[in-house]
Amino acid sequence: MGPAARLVSALVGRFGASARLAMLNVRSQPHRFSAALVPLVLVVGFGLTKVALHTTAQHRTGSAGSTGEVWLDYMGTALYAGFAAIAAANTLAMISFERRRDVALLRVVGAQRGQVRSMAAWEAVVVAGTALLLGTLIALATLAPILDTAFGSPLPYVPWTLAAGTVAGTLLLTLLATGVPVRSVMRHRAITVVRT
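These figures come from a predicted structure and were not determined experimentally.

## Quick look at a positive patch on the surface
A surface patch of positive charge is lined by Arg 113, Arg 117, Arg 183 and Arg 187. Along the chain, Arg 183 turns up in helix H7 (residues 160–185).

Shown next as structure tokens:
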């Protein structure tokens, strides 16, 4: 996961001081952020693989199987993705909570609340972007031989609504799981948090 996270963080690091600080934070704590990335990558990779199998079959043949089978497959995928998403959100929230003294120290040395919130948001973007990149690559690698055998082409058909929903859902999850604990820490006096 290192190269993918480095690529995404390098792109993000071009968007100002808060983004550069987020890039450095993610790069300096690879083990912590990897713990959150693994379930997110699984959500994206597994979810895209399962859904794209049906959407591609529907697009190529006009049928993706019986309605009951497809519904059960989607429900199973949703349950799996939901549990993995909860695990990722919990891990991201714990990372943010464990760093409460670091966040408070930034405030003590002069960082504004908005700058700290912006840094946390950019960290969420790095995590979400890395998960989306790796999950998509895994889904494509998994789907290619199956689709090539079944339909003569390795490329899946993914409706733009599915792609947009995957991106939005992943980003929203990371933003909330990272941002809420940071906001909670900033409700307390920074010097008090640093001393605890």
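After that view, the rundown keeps rolling.
## Focus on the confidence of the model for the protein
The predicted model of the protein averages 85 in pLDDT, with 93% of residues at 70 or higher. Taken element by element, the protein is modelled with least confidence in helix H8 (residues 190–195), mean pLDDT 58, and with most confidence in helix H6 (residues 113–151), mean pLDDT 91.

## A few points about the nonpolar core
Soluble globular proteins tend to pack their nonpolar side chains together in the buried interior. Core analysis: the biggest nonpolar cluster contains 19 residues, and Val 12, Phe 33, Leu 40, Leu 92, Val 126, Val 127 and Ala 131 have the highest contact counts within it. Ranked by residue count, the leading element in this core is helix H3 (residues 30–61), at five residues. Look past the residues within four positions of Leu 40 in its chain and what remains in contact with it is Ala 88, Val 127, Ala 131, Thr 170, Leu 173 and Thr 174. Core analysis: the next-biggest nonpolar cluster, separate from the first, contains six residues, Val 103, Val 116, Ala 120 and Met 186 among them.

## A few points about the side chain of Thr 170
Mapped onto the secondary structure, Thr 170 falls in helix H7. Residues in contact with Thr 170, not counting those within four places in the same chain, are Leu 40, Val 44, Ala 128 and Leu 132.

## Digging into the side chain of Thr 56
In this structure, Thr 56 sits in helix H3. A polar atom in the side chain of Thr 56 sits 2.7 Å from the backbone oxygen of Ala 52. With residues near it in sequence (within four places) discarded, Thr 56 still touches Leu 147, Phe 151, Leu 155, Pro 156 and Tyr 157.

## Structural notes on H7
Its 26 residues give H7 an end-to-end C-alpha distance of 38 Å, which sits within 8% of 38 Å, the value for a rise of 1.5 Å per residue. Turning to H7, its buried residues number three or more, namely Thr 166, Thr 170, Thr 174, Ala 177, Thr 178, Gly 179, Pro 181, Val 182 and Val 185.

How each quantity is defined
Residues numbered from 1 in each chain as written. Predicted model: local features only at pLDDT ≥ 70, side-chain atom pairs only at ≥ 80, totals over all residues. Heavy atoms only, no water. Patch = residues over 30% accessible without salt bridge, like charges linked within 9 Å, V, L, I, M, F, W, Y side chains within 5 Å. Areas by Shrake-Rupley, 256 points an atom, 1.4 Å probe, with all protein chains shown as cover. Salt bridge = Lys/Arg side-chain N within 4 Å of Asp/Glu carboxyl O. Lys, Arg positive; Asp, Glu negative; His and termini not counted. Charge placed at Lys NZ, Arg CZ, Asp CG, Glu CD. Helix = DSSP H or I, 4+ residues; strand = E, 2+ residues; numbered from the N terminus. pLDDT = per-residue confidence, 0-100. Core = buried A, V, L, I, M, F, W, Y, C linked by side-chain atoms within 4.5 Å. Buried < 20%, exposed > 50% of the residue type's maximum accessible area, 1.4 Å probe, protein only. Contact = heavy atoms within 4.5 Å. Polar contact = N/O pair within 3.5 Å; in protein donor to acceptor, adjacent residues only side chain to side chain. Expected span 1.5 Å × (residues − 1).

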